[in-house]
Amino acid sequence: MASSTTPGTQPRERILGSAPEPFNGKSAHAKTFWNTLENYYYLNDSVFPDEGKKVAAALTHFKLSTPAGDWARNRAKKALDQIIVNYGSWRSFKKDFATHFIPAESTLEAGSIMHSLHQGNHPFNEWYQEWSTHANQANVDDNTKMYAFQRMLNQSLHTKLLGILPMPATLLDLVEKAREFNRVYHLYNTLSFRGGSGYPSRPAKMQGLATSEEDPLQINQYQGPPGTGWNSTPRQPLTREERERRLKNKLCLYCGKPGHFTHECHAKTSAPVRASSNQ
């Protein structure tokens, strides 16, 4: 629905989202208040012609007659007392708010947790949600986060990520790679993939990722279709790309055809067993 306008005036911008509750200065609420405030002004960025007016408007969300209200009043007075009114940039406003209302020890504590919260036996997504909360509060750059992220993963998953070439350049890409390895691992360990309780299982070598290159599921033991005779040349391990293609398209890891899994593959079960060299 279009907003009503007076003839000869510009249409008024529609305000999006909900403004935060007035902040009273308590440190325990500072981060929640700031996140809500910043999101609100991000949604309504087009309403403000410059950052100074944006900061001036944001100062109205500080509760009067509280430490936060006094801080906002003093900041506004300082801006208005200049010959040319200047509220400064949003970046400097954010920095000053954090310095004044967010205790330094909470940032240090978040950094400590970021470097000590190991994944352990926790599901990847559950662990990452908690880890990233502390990492975002630690006030460090993405390179530091990437370093800590890999160290806090289970060792086997960390090793798997080290084998990626080229290495992901951003934290987001690194997390997505880890999440993909985790997804493939769980795909391997579903009952349908392992053939239910009747299919012999083997313990996964790595927590949080697919089994390794030596997994028998990845190796085609004999070449040639069933009935064409036995070929003594062992099939080579599938390449990573071919293995992922077969997984994505739900193809048999042995023969590459759809409609069945490796333990059901006729090509595998029909292959003759090679006679022992001792007989």
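Report on the accompanying structure. (Residues numbered from 1 in each chain as written. Predicted model: local features only at pLDDT ≥ 70, side-chain atom pairs only at ≥ 80, totals over all residues. Heavy atoms only, no water.)

### Quick look at the environment of Ala98
Put simply, the rule is: The helix count covers DSSP runs of H or I at least four residues long, the strand count covers runs of E at least two residues long, and both are numbered beginning at the N terminus.
Here Ala98 shows up in helix α4 (residues 90–101). Along the primary structure Ala98 and Trp34 are separated by 64 residues, whereas in three dimensions their C-alpha atoms are 8.8 Å apart.

### What about the nonpolar core?
Selection criterion: Nonpolar core, defined: a set of buried Ala, Val, Leu, Ile, Met, Phe, Trp, Tyr and Cys residues in which side-chain atoms within 4.5 Å join the residues together. Only protein chains enter the accessibility calculation, which uses a 1.4 Å probe. A residue is then buried if its area is under 20% of the maximum for its type, exposed if over 50%, and partly exposed in between. Pairs of residues are marked as contacts when any of their non-hydrogen atoms sit within 4.5 Å.
Leu59, Phe62, Phe93 and Phe97 are the most contacted members of the largest nonpolar core, which totals 24 residues. Residue assignment for this core shows that the elements contributing at least two residues are α1 (30–43), α2 (51–58), α3 (67–80) and α4. The leading source of residues in this core is α1, at 6 residues. Every residue in contact with Phe97, bar those within four places of it in the chain, is listed here: Phe23, Ala30, Phe33, Trp34, Phe62, Trp71 and Ile102. One finds Ala110, Ile164, Leu174 and Val175 within the second-largest nonpolar core, a separate group that totals 21 residues.

### Brief notes about the packing of helix α7 (residues 142–152) against helix α8 (residues 155–162)
Stated formally: Axis lines are fitted to C-alpha atoms, over the contacting stretch for helices. Their N-to-C directions set the angle, which ranges from 0 to 180 degrees. Comment on the angle field: the value is read as roughly parallel under 35 degrees, roughly antiparallel over 145, roughly perpendicular from 65 to 115, and oblique elsewhere.
Running from N to C, α7 and α8 cross one another at 130°; their axes reach a closest spacing of 7 Å. As far as their axial angle goes, α8 and α7 are oblique. Contacts from Phe149, Gln150 and Arg151 of α7 reach α8 at His158, Leu161 and Leu162.

### Concerning the environment of Ala138
Take Ala138: it is sitting in the loop between α6 (124–137) and α7. Residue classification places Ala138 among the buried positions, given a relative accessible area of 6%. Each C-alpha atom of the pair Ala138 and Ala110 lies 4.9 Å from the other, and the pair is 28 residues apart in sequence. Ignoring sequence-local partners within four residues, the contact set of Ala138 consists of Thr107, Ala110, Gly111 and Met114.

### Some points on unusual backbone geometry
For the bond running from Leu165 to Pro166, omega is -5°, close enough to zero to count as cis. Considering the arrangement of structural elements, one finds Pro166 in the loop between α8 and α9 (171–188). At Ser65, a residue that is not glycine, the phi angle is positive and equals roughly 60°. Judged by relative accessible area, Ser65 falls into the exposed class, the value being 75%.

### Here's the deal with the pattern of salt bridges
The condition is simple: The term salt bridge refers to a side-chain nitrogen of Lys or Arg lying within 4 Å of a carboxyl oxygen of Asp or Glu.
A full pass over the atoms with the stated rule returns 8 salt bridges. Close ionic contact of Lys94 with Glu38 constitutes a salt bridge, the shortest N to O distance being 3.6 Å. Within this pair, whereas Lys94 is found in helix α4, its partner Glu38 is found in helix α1, the two being separated by 56 residues in sequence. Judged by its relative accessible area of 36%, Lys94 is partly exposed. One salt bridge connects Glu242 with Arg245, and the closest N-O pair in it is separated by 2.8 Å. On the criterion of helical spacing, the pair formed by Glu242 and Arg245 is a turn pair, its members being 3 residues apart in helix α11 (residues 240–248).

### A word on the packing of α3 against α4
Counted only if it meets this: Here a crossing is taken to be left-handed if its near helix is turned anticlockwise relative to the far helix by less than a right angle, and right-handed if that turn runs clockwise. All amino acids are sorted into three groups, where Ala, Val, Leu, Ile, Met, Phe, Trp, Tyr, Cys and Pro are nonpolar, Asp, Glu, Lys and Arg are charged, and the leftover types, Gly among them, are polar.
Between α3 and α4, the least distance of the axes is 12 Å, while the angle of their chain directions is 145°. Helix-helix and strand crossings are classified by hand; for α3 and α4 the assignment is right-handed. Every residue of α4 that contacts α3 at Ala68, Trp71 and Arg75 is listed here: Ser92, Phe93, Asp96, Phe97, His100 and Phe101. For the contact of α3 with α4, the class distribution of residues is 5 nonpolar, 2 polar and 2 charged.

### Points about α2
In an α-helix, one turn spans 3.6 residues, which is why side chains three or four residues apart end up on the same side. Rules: Contacts described as polar in this section are N or O atom pairs within 3.5 Å, which, within protein, must combine one atom able to donate a hydrogen with one able to accept it, while residues neighboring in sequence count only if both atoms come from side chains.
Taken together, the buried positions of α2 are occupied by Gly52, Lys54, Val55, Ala57 and Ala58. Of the surrounding secondary structure, the elements contacted by the buried residues of α2 are α1, α3 and α4. Of the residues flanking the start of α2, the one acting as N-cap is Asp50, its side-chain oxygen 3.0 Å from the backbone nitrogen of Gly52.

### Description of the packing of aromatic side chains
Filter applied, for reference: What counts as a ring pair is set by centres within 6.5 Å for rings of Phe, Tyr and Trp (its six-membered ring), and what kind of pair is set by the plane angle: stacked under 30 degrees, edge-to-face over 60, tilted for all other angles. Two conditions define a charge sitting above a ring: the NZ of Lys or the CZ of Arg must be within 6 Å of the ring centre, and it must be within 35 degrees of the ring normal.
With the rule as written, the count across this model stands at 28 aromatic pairs. In textbook terms, an aromatic cluster arises when at least three aromatic residues are bridged by ring pairs, as seen for Phe23, Phe33, Trp34, Tyr40, Tyr41, Phe48, Phe62, Trp71, Trp90, Phe93, Phe97 and Phe101. Geometry around Trp90 places Lys54 over its ring, the cationic atom sitting 4.6 Å from the centre.

### Concerning the side chain of Gln119
Position of Gln119 among the secondary structure elements: in the loop between α5 (104–114) and α6. Each residue touching Gln119, except ones within four places of it in the same chain, is listed here: Phe124, Trp127, Met152, Leu153, Asn154 and Leu157.

### Details of a nonpolar patch on the surface
Put simply, the test is: The residues that make up patches have over 30% relative accessible area and no salt bridge, and they are joined within 9 Å when like-charged or within 5 Å when they are Val, Leu, Ile, Met, Phe, Trp or Tyr. Residue-level accessible areas treat just the shown protein chains as cover; the underlying method is Shrake-Rupley with a 1.4 Å probe.
Judged by side-chain polarity, Leu16, Tyr42 and Leu43 come together as a nonpolar surface patch covering roughly 310 Å² of accessible area. Secondary-structure assignment places Tyr42 in helix α1. Overall, Tyr42 belongs to the exposed group, its relative accessible area being 63%.

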